[in-house]
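# Descriptive analysis of the structure
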Amino acid sequence: MHQLTGLDVTAISIDELIAEGPTRVVAVATNSGTGIHNTPWTMTVLELVDVLNGEITKRRSCYQNTALLRDISREREAALAQNPAQR
């Protein structure tokens, strides 16, 4: 997903951590990246994380706008299909 959406993993910011007991954490984060035409995008994502003995056992991501991520991915996939050298 990172490659297809242009997500900048170095720019992810954790806005809030909410713990429910010792085994559940909700992380509210802001993701951002750049589309194929250098169009910047920003989106809130929630990460629902289960932890057992200090290890992440399950992680679920909830994105603010999955349609935007789909469109960015499709656009990049189409461009890569036209020019495989960009991979």
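This section reports on the structure supplied with the text. These figures come from a predicted structure and were not determined experimentally.

## What about the overall build of the protein chain?
The number of helices and strands found in the protein chain is two helices and four strands. Seen in sequence order, the protein chain has helices and strands lined up from the N terminus as α-β-β-β-β-α. Relative to the compact-globule value of 12 Å for 87 residues, the protein chain shows a C-alpha radius of gyration of 16 Å, a clear excess of over 25%. When its C-alpha atoms are laid out on the principal axes, the protein chain stretches across 50 × 20 × 20 Å. Classification of the 87 residues of the protein chain by burial places 24% in the buried group. Considering only contacts in the protein chain between residues 6 or more positions apart, those separated by 24 or more positions represent 35%. Taking the average location of the 8 positive side-chain charges in the protein chain and that of its 10 negative ones, the two points are 8 Å from each other.

## Some words on the sheet that holds strand β2 (residues 24-34)
Strand pairing within a sheet occurs via backbone hydrogen bonds; the two strands may be parallel or antiparallel. Read from one edge of the open sheet, four strands run β1-β2-β3-β4, paired in antiparallel fashion. A strand with exactly one partner marks an edge of an open sheet, and here the two such strands are β1 (13-20) and β4 (55-63). Geometrically, the sheet is characterised by an average inter-axis angle of 25° between neighbouring strands, direction not taken into account. As defined by bridge partners, strand β3 (residues 40-52) adjoins β4 across eight bridges and the pair is classed as antiparallel. Opposite L52, over in β4, you have E55 as the bridge partner. In the packing of helix α2 (residues 66-82) onto the sheet, contacts are made with β2, β3 and β4, and the angle to β3 comes to roughly 110°.

## Regarding a nonpolar patch on the surface
Among the surface-exposed residues, V9, I12, I14 and L17 lie close enough to one another that they form a single nonpolar patch of about 380 Å² accessible area. Here V9 shows up in the loop between α1 (2-5) and β1. Residue V9 is classed as partly exposed on the basis of its relative accessible area, which comes to 47%.

Cut-offs applied
Residues numbered from 1 in each chain as written. Predicted model: local features only at pLDDT ≥ 70, side-chain atom pairs only at ≥ 80, totals over all residues. Heavy atoms only, no water. Helix = DSSP H or I, 4+ residues; strand = E, 2+ residues; numbered from the N terminus. Rg over C-alpha atoms; globule rule 2.2 N^0.38 Å. Buried < 20%, exposed > 50% of the residue type's maximum accessible area, 1.4 Å probe, protein only. Contact = heavy atoms within 4.5 Å. Lys, Arg positive; Asp, Glu negative; His and termini not counted. Charge placed at Lys NZ, Arg CZ, Asp CG, Glu CD. Pairing = 2+ DSSP bridges. Axes fitted to C-alpha atoms, helices over the stretch in contact; angles between N-to-C directions. Patch = residues over 30% accessible without salt bridge, like charges linked within 9 Å, V, L, I, M, F, W, Y side chains within 5 Å. Areas by Shrake-Rupley, 256 points an atom, 1.4 Å probe, with all protein chains shown as cover. Salt bridge = Lys/Arg side-chain N within 4 Å of Asp/Glu carboxyl O.

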